[in-house]
Amino acid sequence: MTLLFLTLFACQDPFGSDRHTLEGNRIAAIEAQFDGSVVSLRPSLVVDGALWSDATVELAWSWLGPDDNAATWSEAANITGPWSPLAAPQHANRVLLLATFPGDDVAKRAVIDLPSTTLGAMVLVPDALNLHLDSVEAKQLGQDQRLRQETVAWTLQEPGDLLRWTAQIDVAEDARAHWMSTGGTWFELAPTIADLALGTLVVDGDEITQADAIEAGWLTVLVSVTQTGASTWKAADLPVGIDEVGGFVQQRWLPDAQLGLRWVEFVADDAAPMGLRAIDQGPADASEPDGTDSLGCLVTGPFSPDWLAEGRCTRAQIAEHRLQVQVESW
Amino acid sequence: MVVVWLIAALAGEVIVRDRTDGDPVDQALIEVGGRDSTTSKDGRTSLAFEKGDVLQISAPGYEPGQFTVGNATRAKVFLAAHPTALEVVVEGLKDTPNITRHVVDAEMAMETAGNHEDAVRLVQSLPGVAVQREYAPGAGDLVIRGSSPGDSRYYLDGVEIPYLYHYNQYASVFPASQLDQLELFPSAFGASYGDSVGAIVEARSKLTPPESVHGTASASFVMGGGSVQAPIHDEWWASAAARRSYLDIAGESSTQYPRWPRFADYNLRLEHGDEDKGTGLFGWGASDGWTRAAGELDALDPVAADDSPLLDFAQGFQVLGARHHWRQPNRDGRLVLAVVHHGRAAELSAGGEEDFQQWRFTSRTDTTWRINGWSIDAGWEFIADQSALTVESSPNGILVAEEAPWLGRGQDAQVSGWRGQGALYSTASQSVGNLRIMPGLRLAADTSDIGLLPEPRLATRYHISDQSVLKLGGGRYHQRADSDELLVQPDLATTGSWQVAGGLEQTIANRLEFGLEGWAKWIDHPVIHPIDAPPQTVEKGRAKGMEFTSRYRLRERFYVWAWLALSQSEVLVDRAYRPADGDQPISGGLVGSWDLGHWNLGLRYRYGAGMPWTPIVGSVFDASSDRWIPVAGDDNSTRFPAYQKIDLRIAHRFEFKGWQAQVSLEAWIVPKTSAQLFPVWNYDFTEQGWVRGPTVFPLLSGNARF
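This text gives an overview of the structure that appears in the document. Remember, predicted model here, so these are calculated numbers, not experimental data.

A few words now on the state of the cysteines. Residues and elements named next belong to chain A. Considering all chains together, one arrives at 1 disulfide over all chains under this definition. Between the sulfur of Cys 297 and that of Cys 313 lies a disulfide, 2.0 Å long from S to S. With the S-S dihedral at roughly 100°, the linkage between Cys 297 and Cys 313 falls on the right-handed side. Within this pair, whereas Cys 297 is found in the loop between β21 (276–283) and α3 (306–309), its partner Cys 313 is found in the loop between α3 and α4 (315–318), the two being separated by 16 residues in sequence. A relative accessible area of 8% places Cys 297 in the buried class.

See the structure below:
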């Protein structure tokens, strides 16, 4: 009711945080799938703004019934640590996740409805827009105007460029993508498409009041896709104004990695988007043992960046180990 | 000076009336062509005159004037009181069964700064009424002596009105131009009112018959309208007033408001007689409507904004009724019959609707007999309503809970039913020496509850001197929930309350009034209204407070009042008392208006300690919808910052032959710390900020009278 008054006269102080920005500690998304028998849940954990951590994020999962209050639930968890695929008990319709991040006293809480279906794999596709912070006008950022903008395949993006991201996934009509990144400004365009300005871009009505390009470096993008009955997420790294040697592992950047299925020894690198760098590489054969036996975390198969993002493994558990990795050009 | 409104004459009668109240002017001397005559007590006299004659009129205590005779056979002249004969208005010291009684009238409604010619808004400047942040959510609600807004009843000419304000707080639903006076009984009121554990606000329409056609036109930053009163024939006269907002005409629609708020009200009356005896038919009503995006689009991303449903909202009420009143030396009274239709419809474009329709027949009789020092008030009240509520809930309902409370509660319903309420009351009043004792009893019944609810009331006033009165009173009060709430939850308990109030009224030199009063309430089963859950009763409530008031008034020249109120209001939940929604530990203010001929200066200052609210202490991330669900802390465990507001007003009156116009410029000044309207949070509720209103704001308005 007060909206009219606010529209005319009132104002509001801006907040220091934005839901699109990957910063601090938070549960950014949870993938929920149901294959007909068991429920699979995968959180995406942001620790100090990154999708990896040297310290363990303590996870505790509980089944919740319709009358259970997720805000005050304090009974013993049904599962601690990473989720194990399980059949849901009859009384449950939701799952509560308590995640205690390193340095935090209070656990962060997330709930998710029990899934009823599965979603396929998701690929993030960036395309370049012929727009730049230096020259873009506010009217070009309207939804209709952006829909008419043509895109070209991305190459090396510079700070201040605008990109279009598409979450390629087979989803239902009610699906929505929720975009987050370590920098830049998001402008959603369609349920699974959004534009990203590589900088801080503030629009006030018909006027652009701030347009500052981000610094060159790596940008991590995380998208969560939710629809009735299932959800999933996907992360990708994008070079901005830099040209490094390396390769992508499931769209996440691994510096110095060579393409193909390789044996790689990981070392910690805070400047790398995954917190890891590849050294001492060699060709690998899929029939060989994958090397995960020596890890202190329950994972199998070639290295996946999601092990870090899900909290299955800390970076410290991966570093100094030699694992199989499938490295690709994107 | 003289204001001459009408009628000319040939030969015969001259009528002289007081310009302010229309009372006859006795001993007025009329001179024309060497002839003269003096009015009698009825303000009339006979005198030969011809068309074109200029009558010279003078009367003790009045400004002299003159009148040019036209074609009519009667000359009617209105005289303005002489500046040295100002009327001092003393509202206190009256022996009424209502222990606390505050009165405001049309003059104060029109001239108080910050009031925007709004009688109901003026109530918010009275002692005991919480000082709230204007234009913040809920600011239009009257929180009186710690009670919740729904605890109080609001009447116009004895008929309860369904809602007080158009579109939040922009204007009240009846124009001040039609009002004679408005009374507030903050608590411990007499037996003539019931079904309320809060306060009573009763507005009364003007009953003075117009001597000629006259009217008003007004325009403010929100609404424009006009009124007209006219004699018809014999003792018949009519009054009509209508107002309409023009935001929807002047402003372009926006994505947030595809249909701008549009609100209107009207007041039609056909009367026979005057203040002493009369019968009237009345019809009045109000309507509000708008279409808005349910979510705040600025806070949503473009895709989510596209998905945000639209709320189509309309509400209104219509009243059709009849009233008969009489006033004689030994008895007076009124009989009111009315049919009230109240409708409220809210529909969300993405599914979900709430529709409430109520037909209410209401009647009440209030009589007073004065015999041999006794004064007996007696009357009855009967209400029958037929209500129907349909709710198709929606996940977006919480976004529109302010307009559609049942959508906010997320509860489907399709219920209808009738309800009857009745009450008989009587109050006897007798003096024993200097002590006036006024015991009363109200017997109430409600078809939604079993049993008869006896409500004993008592008011006593001890006249220490002709300028000092000690008073003490109280009684038992009950209140049933609203009909729509009872249809959904018929087992909601009846709220009961014991109330007491007492204090001292002191007048100095028959001019300056002081009052010091204490009050207390003990409430069982108070109803609370969570925004996201059905209404529920809690165990107990209690409130107490103290008020100091002072006022001084010279009618049509100057008035000032000041007050300071201390109070505490709590409810018992889970065996612990916590602040009630209406808890305001301290409030105070100063209101003044000074008429300097054609200029009027006004000032209003209000201070109110911060009202309590429930903080958000955390959040739960709902990964299925990618939203954060707020986690509320302890109820009412934090408070808004204190609120202060200064309103300044300067008005100039332009007088022309037969009509006058007034232009007023107002400015409000709010300290920055008081400009917070309501809290807002960031996406995951880890940061809290404020939406702030302007600290300085000018307003221009104008009106004309003929």
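As a further point, take the interface of chain B and chain A. Residue-level contacts link 47 residues of chain B with 38 residues of chain A. Both faces combined, the contact of chain B with chain A buries some 3,700 Å², and carbon together with sulfur accounts for 63% of it. Of all residues in chain B, Phe 621, Asp 626 and Tyr 683 of chain B bury the most surface against chain A, accounting for 16% of the area lost on that side. Counting the contacts that link chain B with chain A gives 1 salt bridge.

Moving on, we come to the environment of Leu 184 of chain B. All names here are of chain B. Tracing the chain through its elements places Leu 184 in strand β14 (residues 179–185). Taking relative accessible area as the criterion, Leu 184 reaches 0% and is therefore assigned buried. Spatially, the C-alpha atom of Leu 184 lies 41 Å from that of Phe 685, the residues being 501 residues apart in sequence. Excluding residues within four positions of it along the chain, Leu 184 makes contact with Thr 100, Arg 101, His 102, Val 123, Leu 126, Pro 127, Val 129, Ile 144, Ala 199, Ile 200 and Val 201.

Now for the pattern of salt bridges. Enumeration over the complete set of coordinates arrives at 59 salt bridges over all chains. Residue Arg 164 of chain A is joined to Asp 195 of chain A by a salt bridge in which the shortest nitrogen-to-oxygen separation is 2.6 Å. One end of the pair, Arg 164 of chain A, is in strand β10 (residues 161–168); the other, Asp 195 of chain A, is in strand β13 (residues 193–197), with 31 residues separating them in the sequence. This pair shows no difference in class: Arg 164 of chain A is buried, exactly as Asp 195 of chain A is. It is possible to trace a salt-bridge network through shared partners that takes in Glu 202, Arg 334, Arg 364, Asp 366, Glu 381, Arg 442, Glu 455 and Arg 457 of chain B.

Here the focus is the side chain of Gln 315 of chain B. Residues and elements named next belong to chain B. Tracing the backbone shows Gln 315 in strand β21 (residues 310–328). By relative accessible area, Gln 315 is classed as buried at 17%. If sequence neighbours within four positions are ignored, Gln 315 has contacts with Tyr 163, Ala 286, Ser 287, Asp 288, His 342, Gly 343 and Arg 344.

We now examine the sheet that holds strand β4 (residues 35–38) of chain B. All names here are of chain B. Across the sheet, 4 strands lie side by side as β4-β3-β6-β7; this open sheet has antiparallel pairing. The strands lining the two open edges of the sheet, one partner per strand, are β4 and β7 (65–68). Between one strand axis and the next, the sheet turns by 20° as a mean value, whatever way the strands run. Bridge analysis of strand β3 (residues 29–32) against β4 gives 4 bridges, and the strand direction is antiparallel. Bridge pairing links Glu 31 to Asp 36 in β4.

Cut-offs used in this document
Residue indices follow the written sequence of each chain, beginning from 1 at its first position. Starting at A for chains and at 1 for ligands, labels are handed out in the order in which the entities are written. Local features in a predicted model are, by the rule used here, given only for residues with pLDDT of at least 70; side-chain atom pairs are given and counted only at 80 or more, and totals for whole chains, interfaces and linings are based on all residues. Water and hydrogen atoms were dropped before computing side-chain values, which therefore reflect all heavy atoms in the structure. Defined by distance alone, a disulfide is two cysteine sulfur atoms within 2.5 Å. A helix here means a DSSP run of H or I that spans at least four residues, while a strand means a run of E at least two residues long, and both kinds are numbered starting from the N terminus. Throughout, exposure labels follow a simple rule: accessible area from a 1.4 Å probe, protein chains only, divided by the maximum for the residue type, with under 20% read as buried, over 50% as exposed, and the rest as partly exposed. Any two residues having at least one pair of non-hydrogen atoms within 4.5 Å are treated as being in contact. Buried area counts how much accessible surface, traced with a 1.4 Å probe, disappears from two parts once they are put together, with both parts' losses summed. Here a salt bridge means any side-chain nitrogen of Lys or Arg lying within 4 Å of a carboxyl oxygen belonging to Asp or Glu. By this definition, two strands are paired if DSSP reports at least two bridges between them. Each axis is a line fitted through C-alpha atoms, and for a helix only the stretch in contact is used; angles between axes span 0 to 180 degrees, taken between their N-to-C directions.

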